[in-house]
Amino acid sequence: MSGGPVVKAASAGVRRRLAQALMTFAVVIAATAAALTGITLLTSSNEAAQNSNTVHHGADVSVTVNESRATSAELAATRSVPGVTQVAGPYPEATMTLRFSAQPSSPAHGRPGGGPVGPAGLGGRPRSPAAPADSKSRQGNPAHGPRRPPRLVTSPPGQPGGASGPGSGQVYSVRTIIDRASPGGPLDDLYVYPGHWPAGPGQIVLPPYEGAPPVGGKVTVVSAPGKPQLTVVGYAGAAGRFGDGWVLPSEFTALRPAGTPARAQMLYTFAHAGNLRQISADIAALKAALPAGTVASYDSWLDAMGQTSAGSSFSTPFVLAFAMLGLLLAVLIVVSLVSGAVVAGFRRIGVLKGIGFTPLQVSAAYVAQAGIPAAAGIVAGVAAGNLWVTPMLSGPAQLLGVSAQHAPAWIDLAVPAGMALLVGLAASVPALHAGRLPAIQAIAAGQAPRTGHGYAAHRLAAKLALPRPVTIGLAAPFARPARTAATLAAILFGAIAVIMAAGLNTSISKIYTYYPAQGLGQIAAGVPKGSPRLALTGAQSRQIQAALRAQPGTAHVAADYDNVPGSVRIAGVTALNLQAYGGNSSWLGWPMIAGTWYTARDQVDANTEFLNETGLHVGDPLTIDVGRRRVITRIVGQVYDPNGPSLWTSRQTLGTVPGLGVTDYRIGLEPGFSPQRYTAALSRRLGPGIGVHIASEGTGAATAGTLALVRALTELIVALAALGVLSSVLIATRERVHDLGIFKSLGMTPRQTLIMVICQVIPPAVAAALIAVPAAIYLHAVTVREIGTLTDSGMAAGAISVYQPPELILLALSSLAIAAIGALLPASWAAAAKTTTALRAE
Amino acid sequence: MSDQVCAAAGRSGRCPPQADVLLSVREVSKRYPGLGGPALDAVSLDIRRGEAVAVMGPSGSGKSTLLNLIAGLDRPTAGMITVAGERLEALSETRAAIYRRRSVGMIFQFFNLLDDLTVADNVLLPAQLAGVRRSQARARAAGLLARLGIAQYANSYPGRLSGGERQRVAIARALVNSPALLLADEPTGALDTANGEAIGQMLRDLNAGGQTLILVTHSPDLAARDASRIIRLTDGRVVADPRPGAGR
């Protein structure tokens, strides 16, 4: 087959139908970028974590040891424990309370990104999806004690140490600070960026996390003698990666609070540490080699991966949903546009055959005519997709301390290959069909088709008491049912995206509001921040109670016993968060997934992780060991809380427990009372010995990042949908350009023409709205429930049922908006088209 | 009334109409970019109310271009066209469309009917676009269909009619708004002899009733039968006009 005439025919065809070629180019760019973005987001969650392990040459496990239980020689001898391949440490560590100014909503400063972070990004540790879900793997792990994330609490302006100005506050953060002379070590390298490792006194390095003070910022170690101030000189490592901060040995000595137990960090790599079971066995071997009580707790690389796995688990369901919508839309509009473009050229195909082109040459020419702009669009789309997706990958990347991630190379190859195949098929099928037609039939097929459809619609529409351009436009889609169905599908996907995004906006905001582990009371009055005490004294409790009775605006009060001692246990559950309240606590508003909040003695509520770990359900009995006593309770409700296995019950249920005391009082306000004013007034009443603060969410950055991702994905889908409508209406308008000339010759004004074309998309838009609303509600519910499943936390009903009828009506109008936006350009073209040119077209 | 008075009214103004002159074309030229010579070159002519004028000439002489300019479908590159005192070259697209609705009825060689609409809906369309009251428009359309002998096809679709019947539908559509000007571009070009003669007779009857008619045709017989005046164009110029335009 001679290629010369084919290439000439194809390139001439592209020049002749330049507008169509540009449309193909634009659609394929958008579709390719959308496909690349969707697939990359779906597959990226593990890339960053694996890259992080490679970059940081990290340890498998970090073990906190009690130095009073083992000598240095005994610790060094663990190098010989079977399975241990490398050891580093001991690096002395201590828990300290840092205070710094609340930061604006952005992740670690100086590092690129701002991508989405799930609740785990704040330091919480939902179960890593990489870990087996069976409870047995945890039973051999008594040292894996409960480890709360660094607590972030904001005090309002005017409080001791509070900054002035509206919205600014001080953050108190309890962190494990490690004494380490250099970032490099025999086992791991802490990658420091930006900034540098401490070079002298008064300097500290922190890991990147939401709300961290910037490099150059100041933190006050309020738990240290003299409350010294340190300068943050750099970020190191990655969030959750075996340390909450590092200082030089000389600094550490000065900071360590008096009377704190001597603890240290030991880092290990093992021959086998690929899953939780193996790691548990490794720890068991270590413990066996050390004196009893030496191993206080440990963290593994699985927990670090869990930080981002949980974050990506949180976002994976809606990324998947939007990616599917985007891919389907991309396929739909590419097929519709490319095959429509080939069909529009049928008449020319007949002419080519008439002058001697063989059927194969004709088919090849028309595949090439569609392929030239499509190939350019694919190349540009890969570039555009990479530009689009790289910022979205930066959130997990910066948390793990690796450079910005990109779409993997295999996706950069697979997506264009897939898109080329799609375009090729979409063009080949009609082109091969036309190639086989006799010339005269191809010419006849290329004329504006009179399918016989739509006549009844026009008759009916003519009877409507509406302007004639409107009724003609409304009836037009019925003449081409297949194309109208494609237009409907494009609008439908766009509308589903908009409606689902609105629901996700509400759900995610609610989920992040549910998140804080401090409980959900508005105000908390209790132990001042920085105090080594964990509970209020009896006198302080009485003082607070009296003040609350006297303080106007106090509506509800619950005593919070957040320091339940280790003597309170559940058999078989080692990492347990047990929360007890005194007084009525039902007003706190813990989000319920099932059952009810406890209302009587011997009732408890549990979160999903607890129920999964124990195999219990709502309604089952539960035995709590309180010292030597056994308390039989009943699980009456399932609570949404992604903070590890957790229980809630009344103080009365636990009975007398040595060491149990009130940590703070949770206060609910009367309607209309300002939390800031109430807090300030109560602070003045109570004086400096009692800390009063608003139980802050501290979730602004995480919420903003996740919602920004939802918004970006929605905008992509809506743009793609509008492009689909545009291409469909453009093809339809060009097909009927002769009719357009007739209308104009009879006196249809440009404005009437614009209205007529836009009205063509109303029937499919209305149909799309009717389908989109229930479809989006369903998809939203599935997505949000899946978030709960993947984060192992379940999902509260309040985060699932978020749509209100008036809102839904408004959201349904998005289909009309998408349709109108997509139809505007072809309508404008039709309105501006020269009548004489249109009349000459056939 | 002189052209100077008309010119003084400005491009957007209305000219005082000359007695019984409905259409005035003054030094109109039309050039298309990229094509060699002008499609029309300084054409001037007047057409009085009630006249039947045939415009003849070889292919490419500018006949259809002249008709398109008179219909307001296109604009001259130079010169002035006035219909019932309204200057066409100054009209916006919207005003030109409104002018076509009110003042012009067009009949095309290949009918240009809308196949999705019934015969009645085709005829009604100009009236609906002009905002004529529904009942009034329907009555007028029914009357025209009856007068042209095709009332029985009101609910049929154009695709099922013969060429002659389709052209009658097109004539009815062109007349529904009682236009001042009826423009016919090769109205019998796609018809057989019998139908062509029947259509020709219809046009004569309309003209006899006072309808001003401008007819573009290749057929000398049709021109001789249907027109009282024949203007010949060659290469965009008027080469023969029994009554040249005023001002020459």
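This structure is a prediction, so every number in the text was calculated from the model and none was measured.

Teacher, can you tell me more about the overall build of chain B here?
Counting secondary structure elements, chain B contains eight helices and 10 strands. Computed over the C-alpha atoms, the radius of gyration of chain B is 18 Å, within 12% of the 18 Å expected from 2.2 N^0.38 for a compact globule of 248 residues. Seen through its principal axes, chain B has C-alpha atoms that stretch 50 × 40 × 40 Å. In chain B, buried positions account for 54% of the 248 residues. Considering only contacts in chain B between residues 6 or more positions apart, those separated by 24 or more positions represent 72%. Roughly 10100 Å² of accessible area belongs to chain B as shown, and the carbon and sulfur atoms make up 50% of that amount. The positive charge centre, built from 30 side chains, and the negative charge centre, built from 23, are 6 Å apart in chain B.

What's the story with the sheet that holds strand β9 (residues 229–234) of chain B in this structure? I'm lost.
Two strands in a sheet stick together by hydrogen bonds in their backbones, pointing the same way (parallel) or opposite ways (antiparallel). Residues and elements named next belong to chain B. Spatial ordering of the open sheet is given by β6-β7-β8-β3-β9-β10, a layout of six strands whose pairing is mixed. A strand with exactly one partner marks an edge of an open sheet, and here the two such strands are β6 (104–107) and β10 (237–240). For this sheet, the mean inter-axis angle between neighbouring strands, taken without regard to orientation, is 25°. Two strands pair when backbone bridges link them, and β6 and strand β7 (residues 181–185) are joined in this way by four bridges, in the parallel orientation. Bridge pairing in β7 places Ile107 opposite Ala184.

How should the packing of helix α6 (residues 163–175) of chain B against helix α7 (residues 193–208) of chain B be read in this particular structure?
In a pair of packed helices, the angle between the axes and the distance between the axes together describe the arrangement. All names here are of chain B. Running from amino to carboxyl end, α6 crosses α7 at an angle of 20°, the nearest separation of the two axes being 10 Å. Here α6 is positioned roughly parallel relative to α7, judged by the angle of their axes. Handedness of the crossing formed by α6 with α7: right-handed. Counting all contacts with α6, which are made through Gly164, Gln167, Arg168, Ile171 and Leu175, the residues of α7 involved are Asn195, Ala198, Ile199, Met202, Leu203 and Leu206. Considering only residue class, the contact of α6 with α7 consists of seven nonpolar, three polar and one charged.

Looking at this structure, how should I read the interface of chain B and chain A?
Facing 26 residues of chain B, the contacting portion of chain A comprises 28 residues. For the pair chain B and chain A, the summed buried area comes to about 2500 Å², and 56% of that belongs to carbon and sulfur atoms. Counting across the chain B and chain A interface gives two salt bridges. In this assembly, chain B and chain A are joined by 12 residue pairs in polar contact (both at pLDDT 80 or more). Elements with a minimum of two residues in the side of chain B that touches chain A: α3 (93–103), α4 (119–129) and α5 (134–147) of chain B. For the side of chain B that touches chain A, the residue count by class is 11 nonpolar, five polar and 10 charged.

Help me out: how do you make sense of α5 of chain B in this one?
Helical periodicity: at 3.6 residues per turn, an α-helix aligns residues three or four positions apart in one direction. All names here are of chain B. With 14 residues, α5 should cover 20 Å at 1.5 Å per step; its first-to-last C-alpha distance of 20 Å lies within 8% of that length. Three or more residues of α5 are buried, namely Ala137, Ala141, Leu144 and Leu145. Looking down the long axis of α5, one finds its buried residues gathered within 100° of arc, a one-sided arrangement. Exposed and oriented more than 90 degrees from the buried face of α5 are Ser135, Ala139 and Arg147. Contact partners of the buried residues in α5: α4 and α6. Immediately downstream of α5, the backbone of Gly149 shows phi near 75°, a positive value.

Looking at this structure, I do not really get the environment of Ala141 of chain B. What am I missing?
All names here are of chain B. Inspection of the secondary structure puts Ala141 in helix α5. The spatial distance from the C-alpha of Ala141 to the C-alpha of Leu175 is 8.8 Å, given a sequence separation of 34 residues. Among residues more than four places away in sequence, those in contact with Ala141 are Val123, Leu124 and Val176.

What's the story with unusual backbone geometry in this structure? I'm lost.
Of all residues except glycine, most have a negative phi; of all peptide bonds, most are trans. Residue and element names in this part refer to chain A. Cis peptide bonds are those with omega within 30 degrees of zero, and the linkage from Gly89 to Pro90 qualifies with 10°. With respect to the helices, strands and loops of the structure, Pro90 is situated in strand β2 (residues 84–101). A positive phi angle, near 65°, is found at Asp602, a position not held by glycine. Here Asp602 lies in the loop between β16 (592–595) and β17 (603–607). Here Asp602 falls in the partly exposed class, since its relative accessible area comes to 31%.

Could you clarify how one ought to interpret the side chain of Asp282 of chain A in this entry?
Locating Asp282 of chain A in the fold gives a position in helix α7 (residues 276–289). Setting aside its immediate chain neighbours within four residues, Asp282 of chain A contacts Phe270, His272 and Ala273 of chain A.

Would you take a moment to explain a positive patch on the surface for this structure?
A cluster of basic residues, Arg459 and Lys463 of chain A together with Arg134 and Arg138 of chain B, forms a positive patch on the protein surface. Inspection of the secondary structure puts Arg138 of chain B in helix α5. Among the residues examined, Arg138 of chain B registers a relative accessible area of 37% and is labelled partly exposed.

For this particular structure, what's the right way to read the pattern of salt bridges?
Pairs can form between side chains of opposite charge whenever their charged atoms are close. This structure, assessed with the given rule, holds 20 salt bridges over all chains. Put simply, Arg483 of chain A and Glu735 of chain A hold a salt bridge, and the shortest N to O gap is 3.1 Å. A residue pair is termed long-range when its members are at least 10 positions apart, and Arg483 of chain A in helix α15 (residues 481–514) and Glu735 of chain A in helix α20 (residues 700–735) qualify at 252 residues. The salt bridge partner of Arg229 of chain B is Asp241 of chain B, with a shortest N-O separation of 2.9 Å. Taken together, the residues Arg229 of chain B in strand β9 and Asp241 of chain B in the segment after β10 connect sequence positions 12 residues apart. Taking the relative accessible area as the measure of exposure, Arg229 of chain B reaches 3% and is therefore buried. One network of salt bridges, with partners in common, ties together Glu51, Arg229, Asp241 and Arg243 of chain B.

Looking at this structure, how should I read a nonpolar patch on the surface?
All names here are of chain A. On the surface, Ile762, Val766, Leu770, Ile771, Leu810, Leu813 and Leu816 cluster together into a nonpolar patch covering about 620 Å² of accessible area. Listed by contribution, the elements that provide at least two residues to the nonpolar patch are α23 (762–790) and α25 (805–832). Counting residues per element, the nonpolar patch draws most heavily on α23, at four residues. For Leu813, a relative accessible area of 45% corresponds to the partly exposed category.

For this particular structure, what's the right way to read the sheet that holds strand β1 (residues 21–30) of chain B?
Residues and elements named next belong to chain B. With antiparallel pairing, the four strands of this open sheet are ordered in space as β2-β1-β4-β5. Each edge of the sheet is formed by a strand with only one pairing partner; in this case those strands are β2 (40–48) and β5 (86–87). In this sheet, β2 lies alongside β1 in antiparallel orientation, the contact comprising six bridges. Residue pairing in the sheet places Ser24 in a bridge with Asp46 of β2. The strands that helix α2 (residues 63–70) touches are β1, β2 and β4 (78–83); relative to β2, the one it contacts most, it runs at about 60°.

What should I look at first to understand the pairing of strand β18 (residues 621–626) of chain A in this one?
Looking along a regular strand, one sees the side chains alternate between the two faces of the sheet. All names here are of chain A. Relative to β18, strand β14 (residues 568–569) is paired through two bridges, and the arrangement is antiparallel. Residue pairing for β18: Arg569 is matched across the bridge by Asp625. The pairing of β18 with strand β19 (residues 629–639) spans six bridges and is antiparallel. Paired with Leu622 across the strands is Thr633, a residue of β19.

What should I look at first to understand the environment of Ile98 of chain B in this one?
The topology assignment puts Ile98 of chain B in helix α3. When its relative accessible area of 15% is taken as the criterion, Ile98 of chain B is described as buried.

Parameters at a glance
- Residues numbered from 1 in each chain as written.
- Chains lettered and ligands numbered in written order.
- Predicted model: local features only at pLDDT ≥ 70, side-chain atom pairs only at ≥ 80, totals over all residues.
- Heavy atoms only, no water.
- Helix = DSSP H or I, 4+ residues; strand = E, 2+ residues; numbered from the N terminus.
- Rg over C-alpha atoms; globule rule 2.2 N^0.38 Å.
- Buried < 20%, exposed > 50% of the residue type's maximum accessible area, 1.4 Å probe, protein only.
- Contact = heavy atoms within 4.5 Å.
- Areas by Shrake-Rupley, 256 points an atom, 1.4 Å probe, with all protein chains shown as cover.
- Lys, Arg positive; Asp, Glu negative; His and termini not counted.
- Charge placed at Lys NZ, Arg CZ, Asp CG, Glu CD.
- Pairing = 2+ DSSP bridges.
- Axes fitted to C-alpha atoms, helices over the stretch in contact; angles between N-to-C directions.
- Parallel < 35°, antiparallel > 145°, perpendicular 65-115°, else oblique.
- Left-handed = near helix turned anticlockwise from the far one by under 90°.
- Nonpolar A, V, L, I, M, F, W, Y, C, P; charged D, E, K, R; others polar.
- Buried area = accessible area lost by both parts, 1.4 Å probe.
- Salt bridge = Lys/Arg side-chain N within 4 Å of Asp/Glu carboxyl O.
- Polar contact = N/O pair within 3.5 Å; in protein donor to acceptor, adjacent residues only side chain to side chain.
- Expected span 1.5 Å × (residues − 1).
- Arc of directions from axis to C-beta.
- Patch = residues over 30% accessible without salt bridge, like charges linked within 9 Å, V, L, I, M, F, W, Y side chains within 5 Å.

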